[in-house]
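Examining the three-dimensional arrangement
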Amino acid sequence: GTDLLPIIVTIGIMDDATYFLIDPLYDEELCCDVLIRIAVYSNGNISVIKCGESPIDPLLIFEIIEYGKCAGMQWMNMINEAIGAFDECMKLNEKQANDVMDTDELKG
């Protein structure tokens, strides 16, 4: 399931590409000249959406996309690790609950 969902990385560009904001807040987005949203999928595919009328240097856009893809893959790996740790914890709790029930049966 979660491997089908993308991680969205938003990069805001301000003051003619002088400043860049990674995942800006809504109020920060309002101050940006351009927003680039990069959807990163677990298989490495991406989708890119540009919001705003200001032009972007073609060489710069490739760097922005690569950065967004790298950040998205890192976040996806961290989320997958957290989900794996949560699953392991749940399995351990379930096993401990079953062990307690087994010892209760022996007492009765």
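Everything quoted here is computed from the prediction, not taken from an experiment. (Residues numbered from 1 in each chain as written. Predicted model: local features only at pLDDT ≥ 70, side-chain atom pairs only at ≥ 80, totals over all residues. Heavy atoms only, no water.)

Topic: the overall build of the protein
Stated precisely, the cut-off is as follows: For the purposes of this entry, the term helix denotes a DSSP run of H or I that reaches at least four residues, the term strand denotes a run of E that reaches at least two, and both are numbered from the N terminus. Working rule for contacts: check all heavy atoms of both residues, and any pair within 4.5 Å makes them a contact. Residue exposure ignores everything except the shown protein chains as possible cover, and the areas themselves are Shrake-Rupley values with a 1.4 Å probe.
Helix and strand counts for the protein come out as 2 helices and 4 strands. Written out in order from the N terminus, the α and β elements of the protein read β-β-α-β-β-α. For the protein, restricting intrachain contacts to residue pairs at least 6 apart in sequence, the fraction spanning at least 24 positions comes to 47%. A total of about 7,900 Å² of accessible surface is found on the protein, and carbon and sulfur atoms cover 59% of it.

Considering the sheet that holds strand β2 (residues 19–22)
For clarity, the cut-off: Between any two strands, at least two bridges found by DSSP are needed for them to pair. An axis is simply a line fitted to the C-alpha atoms; with a helix, the fit covers only the stretch in contact. Between two such axes, the angle follows the N-to-C directions and lies from 0 to 180 degrees.
With respect to topology, 4 strands assemble into an open sheet ordered β2-β1-β3-β4, the strand pairing being antiparallel. Since the sheet does not close on itself, it has two edges, and those belong to β2 and β4 (46–51), each with one partner. Here the average twist between neighbouring strands, direction ignored, is 20 degrees.

With respect to the side chain of T10
Which entries qualify depends on this criterion: Here's how the labels work: a residue is buried when its accessible area is under 20% of the maximum for its type, exposed when over 50%, partly exposed in between, all with a 1.4 Å probe on protein chains only. Each polar contact in these results corresponds to two N or O atoms within 3.5 Å; when the atoms are within protein, one needs to be able to donate a hydrogen and the other to accept it, and residues that are neighboring in sequence are counted only if both atoms are side-chain atoms.
Along the chain, the position of T10 falls in strand β1 (residues 7–14). In this structure T10 comes out as buried when scored by relative accessible area, which is 6%. Side chain to side chain, T10 and R37 meet in a polar contact 2.9 Å long. Not counting chain neighbours up to four residues away, the residues in contact with T10 comprise L21, I22, D23, P24, E29, L35, I36 and R37.

A few points about unusual backbone geometry
Of note, D16 is a non-glycine position whose phi angle comes to about 55 degrees, a positive value. Here D16 shows up in the loop between β1 and β2. The phi dihedral of D23 falls on the positive side, at around 45 degrees, and the residue is not glycine. Looking at the element boundaries, D23 is found in the loop between β2 and α1 (26–31).

What to know about the nonpolar core
Our working rule: Within this scheme, the nonpolar core is defined by two criteria: the residues are buried Ala, Val, Leu, Ile, Met, Phe, Trp, Tyr or Cys, and they are joined through side-chain atoms within 4.5 Å.
Within the largest apolar cluster, 14 residues are counted, with the highest numbers of intra-cluster contacts made by I13, I36, I38, I56 and I64. Of all elements in the fold, only β1, β3 (34–40) and α2 (58–107) reach the threshold of two or more residues within this core. Sorting elements by how many residues they give to this core places α2 first, with 5 residues. When near neighbours in sequence (up to four residues on either side) are disregarded, I13 contacts Y19, F20, C32, D33, V34, I36, I56 and I64.

Some details on the pairing of β3
In terms of residue burial, β3 counts as a mostly covered element, since 6 of its 7 residues are buried. One ladder, built from 7 bridges, connects β1 with β3; its direction is antiparallel. Opposite T10, over in β3, you have R37 as the bridge partner. When β3 meets β4, the two strands line up antiparallel, connected through 6 bridges. Of the residues in β4, the one forming a bridge with R37 is I49. Counting the residues in the hairpin turn of β3 and β4 gives 5 residues, including G44, whose phi is positive at 95 degrees.

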